[in-house]
Amino acid sequence: LQFNAGAADRIETRAFFRRTIFASTTATVAAGRNSETLASQQHVPSTEGGASAVWFATRGRHNLVSGADLWLVSGQSTDNVFTAGRFTTVRFGGGKQSSVGLFTEENFAVSPQLALVGAARVDFFRNFDGRNGSWPVGAPAIRELDGHLDTVFSPRAGFSFQVVPQIGRAHV
């Protein structure tokens, strides 16, 4: 969605959701290449969703962009392992991750051809509800994994110079 908040201001919002299921079956091929035996079956469902909001503004020679985004993903993998065609082992892993990002950028037009650019972004990541395990058939052994928090700051500075008016700017 896009909202015009005046002649020099615009706000854009986006949201998404996706559910994906990956499935795979592998086999072991016999030495004579005349037969194959089931080796594994993998089932990997995942769900993700997110949203963003971005504000664009122009104030004289200043072009400003600021915003935030959010993302959440949840997934797991279950592998059924076969030995000599017999179902023998289950491997499992799964968890969730969320991230929130905040960003801002300014392009200052020094002249019609030259602009100075400064930007910063900070991301907050969180891994949680993690679990994994590997066990023989009929004896589940799932262990909980510790969560993890992380923050990443990403500054940026540079300039943009338009060599020829009919061609776009070269960014450095």
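Values in this document were obtained by computation on a predicted structure and should not be read as measured data. (Residues numbered from 1 in each chain as written. Predicted model: local features only at pLDDT ≥ 70, side-chain atom pairs only at ≥ 80, totals over all residues. Heavy atoms only, no water.)

1. Here we look at the side chain of D123
Next, step 1: Here D123 shows up in strand β6 (residues 114-136).
Next, step 2: Given the relative accessible area of 11%, D123 is considered buried.
Next, step 3: Within the local environment of D123, its side chain forms a polar contact with the side chain of R121, the two groups lying 2.9 Å apart.
Next, step 4: Beyond its immediate stretch of four places on either side in the chain, D123 contacts V100, G101, D150, T151 and V152. (Helix = DSSP H or I, 4+ residues; strand = E, 2+ residues; numbered from the N terminus. Buried < 20%, exposed > 50% of the residue type's maximum accessible area, 1.4 Å probe, protein only. Polar contact = N/O pair within 3.5 Å; in protein donor to acceptor, adjacent residues only side chain to side chain. Contact = heavy atoms within 4.5 Å.)

2. Focus: the packing of aromatic side chains
Next, step 1: A complete count under the given rule lists 1 aromatic pair for this structure.
Next, step 2: Judged by centre distance (5.4 Å) and plane angle (35°), the ring pair of F82 and F87 falls under tilted.
Next, step 3: On the accessibility criterion, F82 (16% relative accessible area) is buried.
Next, step 4: One cation-aromatic arrangement involves R10 over F56; the distance from NZ or CZ to the ring centre is 4.1 Å.
Next, step 5: Of note, R126 hangs over the ring of F128, and the distance from its end group to the ring centre comes to 4.0 Å. (Phe/Tyr/Trp six-rings, centres within 6.5 Å; stacked < 30°, edge-to-face > 60°. Lys NZ or Arg CZ within 6 Å of the ring centre and 35° of its normal.)

3. So, a nonpolar patch on the surface
Next, step 1: A contiguous nonpolar patch, built from V110, L116, F159, F161, V163 and V164 and spanning about 470 Å² of accessible area, is present on the exposed surface.
Next, step 2: Among the secondary structure elements, F159 is positioned in strand β8 (residues 148-161).
Next, step 3: Given the relative accessible area of 36%, F159 is considered partly exposed. (Patch = residues over 30% accessible without salt bridge, like charges linked within 9 Å, V, L, I, M, F, W, Y side chains within 5 Å. Areas by Shrake-Rupley, 256 points an atom, 1.4 Å probe, with all protein chains shown as cover. Salt bridge = Lys/Arg side-chain N within 4 Å of Asp/Glu carboxyl O.)

4. Considerations on the environment of R126
Next, step 1: Structurally, R126 can be placed in strand β6.
Next, step 2: Classification of R126 by relative accessible area gives partly exposed; the value is 41%.
Next, step 3: Leave out the neighbours within four places in its chain, and R126 touches K96, Q97, S98, H148 and L149.

5. Some words on the environment of E48
Next, step 1: Within the secondary structure layout, E48 lies in strand β3 (residues 36-59).
Next, step 2: Along the primary structure E48 and S160 are separated by 112 residues, whereas in three dimensions their C-alpha atoms are 36 Å apart.
Next, step 3: Those residues in contact with E48 that sit more than four places away from it in its chain are F16, F17, R18, W71, L72 and V73.
Next, step 4: A polar contact of 2.3 Å, which involves the side chain of E48, links it to the side chain of R18.

6. A few points about unusual backbone geometry
Next, step 1: Phi is positive for R33, which is not a glycine, with a value near 60°.
Next, step 2: Assignment of secondary structure puts R33 in the loop between β2 (9-29) and β3.
Next, step 3: On the accessibility criterion, R33 (68% relative accessible area) is exposed.
Next, step 4: Here the phi dihedral of A84 falls at roughly 55°; this positive angle occurs in a residue that is not glycine.

7. Some words on the environment of L149
Next, step 1: Considering the arrangement of structural elements, one finds L149 in strand β8.
Next, step 2: Sequence separation between L149 and R33 is 116 residues, and the spatial gap between their C-alpha atoms is 49 Å.
Next, step 3: Setting aside chain neighbours within four positions, we find L149 in contact with F125 and R126.

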